[in-house]
Amino acid sequence: MVRPTAPVLLLCGYYGEHNLGDDALLQVLVSSLPQPQQLLITARDPAPVLALAPSAQTVNRRSLLLCVRAALRADVLVLGGGSLLQDSTSFSSLVYYLLLMAVARLGGAELVLWGQGLGPLQHRISRLLVRTVLPFCTAASWRDQRSFDWAQRWAPRLPSVLAVDPVWQMPARPWIGGDAIVLSWRPTPLLDHLGWRRLTEALDRLSAELDVPVIWLAFHEHQDAPLLQRLSDEGLLPMRLKKRSSTLVPQSLEAVFDLVQRARLVLPMRLHALILARLANSPMAALSYDPKVEAAAAMAKVPCVALTSVPSLDDLLALWRDQVDRPADPDQTEALRRQASAHSELLNRMAVDVR
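Predicted model only: the values in this text are computed from it and were never measured.

S.K.: In this structure, what is going on with unusual backbone geometry? I would like to understand it.
M.R.: Note: most peptide bonds trans; most residues except glycine with negative phi. Note the cis peptide between Gln35 and Pro36, where omega equals -5°. Checked against the element boundaries, Pro36 lands in the loop between α1 (20–32) and β2 (38–43). Geometrically, the link from Gly119 to Pro120 is a cis peptide bond, its omega value of 5° lying close to zero. For Asp325, which is not glycine, the phi torsion reads 60° and is therefore positive. Mapped onto the fold, Asp325 is located in the loop between α14 (313–323) and α15 (330–354). Asp325 sits in the partly exposed class, given a relative accessible area of 31%.

Following this line, the structure appears as C-alpha cells:
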C-alpha cells in the first residue's frame, strides 16, 4: 500500500458530543500537531470539530465500521486526551478503543496515547486486555501519576512522559472580576437529596450575601443543562436561589473564558471547567466527584471538597466566602502551563519518526 506524502493521523476521542472539556482537548491537540499532515477525527457532531480543525475530515465515531476503515488508512492513531482506556462508562467503550488500536496496528500504523488517564478498570478482563495492547503502542503521555505508574508496570518498554492535563497549555487570561457566581455542576450519584440540599443552601446564602446572579454553566450540554430544573422539580432549590439562577449552554471555549473571567467565584465539579477557570486566574473552590478533579485542584492549589464527604453547611459556606474575589497567582498558573508542554513535545518527536 502506497502512503501519501503527508502522513494520515486519526484522532480518536469523545469529540463532537457537546462536551466542552473534550473540545478543549481537541483544540490543544490540533494546535500541537506538526505540519504537514492529513487529519481524520472521530466525531458525533462534525460542526464543533470542524470549527477547531477546518481542514480535517470527520468520521462518525458511533459507526464502528467507518472508524475501522479510518484506522486502516492511518499512519498514526492518536487517542487524544481524557480517560479513554476505562470501563466505568461501559465495557463496550473500552473494547471500542482497543479494537481501533488493534486494527490500526495491524494496518501498520503507529499508536500514540496522548494526555491519557488510565482506568478505572473495574473488571479483570479489562485489565488483561489493556495490559495486552499497551506494549504495542509507540509512545504515551499521561496526565496523572497513577496512570503513569500502571503503564510503567504493564508496558515497561513503552516510552512514556508524565505531565499535567494537556488543557493547561491553553493561553492564560487575566481575571477581570466580578459580577456573578459561576457553577459547573454535573449530575452525580455521590450526592443524595441531603448532599444536594446542603450545597444549594450554602449557595443560596452566599449569593444573597453578595447580591449576585448564579450562572449554571452546562459544560456538558446533555448532562448538565437539565440539572437546575431537576433540582427545582425535586424541591432541592431554595426559591430565593432559583430566582437568581440561570442555565447557560456555552457554544465555545471563548464563551467560557468570558464568563469565568468576570466571576467573583467559580465552583467547578468538571475537571476542564476547573482548568479553564484557573487559566483565567479566577477565584475558585472545587467540588470533586472523581479523584482526577481532586488531583487537579491540588496541583493548582485550589481548595477542594470531595463529594464523598460534604462538610457541614457552615464549614462549606466559610470555605466559599474565603475564596470570593481572591484570584490565582499568575506565576503558579504559568508554571502549570509549562509543565503541560511535555504532551506537545511527545507529538513533535513522533513526527520525526513518522516522516
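S.K.: For this particular structure, what's the right way to read the state of the cysteines?
M.R.: What is meant by a disulfide is a covalent connection between two cysteines, made through their sulfur atoms. According to the stated counting rule, one finds zero disulfides in the structure shown. The closest cysteine sulfur to the non-disulfide-bonded Cys67 is located on Cys12, 6.4 Å from its own sulfur. With a relative accessible area of 1%, Cys67 lands in the buried category. A disulfide-free cysteine, Cys137 has its sulfur positioned 12 Å from the sulfur of Cys12, the nearest such atom.

S.K.: Explanation requested: a nonpolar patch on the surface in the structure shown.
M.R.: On the surface, a cluster of nonpolar side chains totalling about 540 Å² of accessible area is made up of Leu64, Phe91, Val95, Leu99, Ile125, Leu128 and Leu129. If you list the elements that add at least two residues to the nonpolar patch, you get α4 (91–106) and α5 (124–133). Accessibility expressed as a relative area gives 43% for Ile125, which makes it partly exposed.

S.K.: What exactly am I supposed to notice about the packing of α4 against α5 here?
M.R.: Angle between the axes and distance between the axes are the two parameters that describe a pair of packed helices. Packing of α4 against α5 brings their axes to within 11 Å, and their N-to-C directions diverge by 15°. Of the possible angle classes, the one that applies to α4 and α5 is roughly parallel. Classified by chirality, the crossing of α5 by α4 is left-handed. Facing α4, whose interface residues are Phe91, Leu94, Leu98 and Met101, α5 presents Ile125, Ser126, Leu129, Val130 and Val133.

S.K.: Mind showing me how you'd approach helix α3 (residues 64–73) here?
M.R.: Inspection of α3 places Cys67, Val68, Ala70 and Ala71 among the buried residues, and these make up the whole buried set. Considered in projection along α3, the buried side chains sweep an arc of 160° and stay on one side of the axis. In α3, the exposed positions angled more than 90 degrees off the buried face are occupied by Leu65 and Arg69. Those residues of α3 that are buried are in contact with β1 (8–12), β2, β3 (57–60), β4 (76–85) and α4.

Basis of the calculations
- All residue numbers refer to position in the chain's written sequence, counted from 1.
- At least 70 in pLDDT is required for a residue's local features to be given in this predicted model, at least 80 for side-chain atom pairs to be given and counted, and no such filter applies to totals for whole chains, interfaces and linings, which use all residues.
- Processing note: side-chain calculations cover all non-hydrogen atoms of the structure and skip hydrogens and water entirely.
- The helix and strand labels rest on DSSP assignments: H or I over at least four residues marks a helix, E over at least two residues marks a strand, and numbering proceeds from the N terminus.
- Burial classes: relative accessible area under 20% of the type maximum marks a residue as buried, over 50% as exposed, and values in between as partly exposed (1.4 Å probe, protein chains only).
- A pair of cysteine sulfur atoms is labelled a disulfide when the two atoms are within 2.5 Å.
- Patches were defined on residues exceeding 30% relative accessible area and lacking a salt bridge, with like-charge contacts within 9 Å and nonpolar side-chain contacts (Val, Leu, Ile, Met, Phe, Trp, Tyr) within 5 Å.
- Reported accessibility uses the Shrake-Rupley method at a 1.4 Å probe radius. Residues are deemed covered only where the shown protein chains occlude them.
- Just to be clear on terms, a salt bridge is a Lys or Arg side-chain nitrogen sitting within 4 Å of an Asp or Glu carboxyl oxygen.
- Whenever a helix is involved, its axis is fitted only over the stretch in contact; in every case the axis is a line through C-alpha atoms, and angles between N-to-C directions fall within 0 to 180 degrees.
- Comment on the angle field: the value is read as roughly parallel under 35 degrees, roughly antiparallel over 145, roughly perpendicular from 65 to 115, and oblique elsewhere.
- By convention the crossing between two helices is left-handed if the near helix lies anticlockwise of the far one by an angle smaller than a right angle, and right-handed if it lies clockwise.
- The contact criterion used throughout is that any non-hydrogen atoms of two residues lie within 4.5 Å.
- Here the arc refers to the directions that run from the helix axis out to each C-beta atom.

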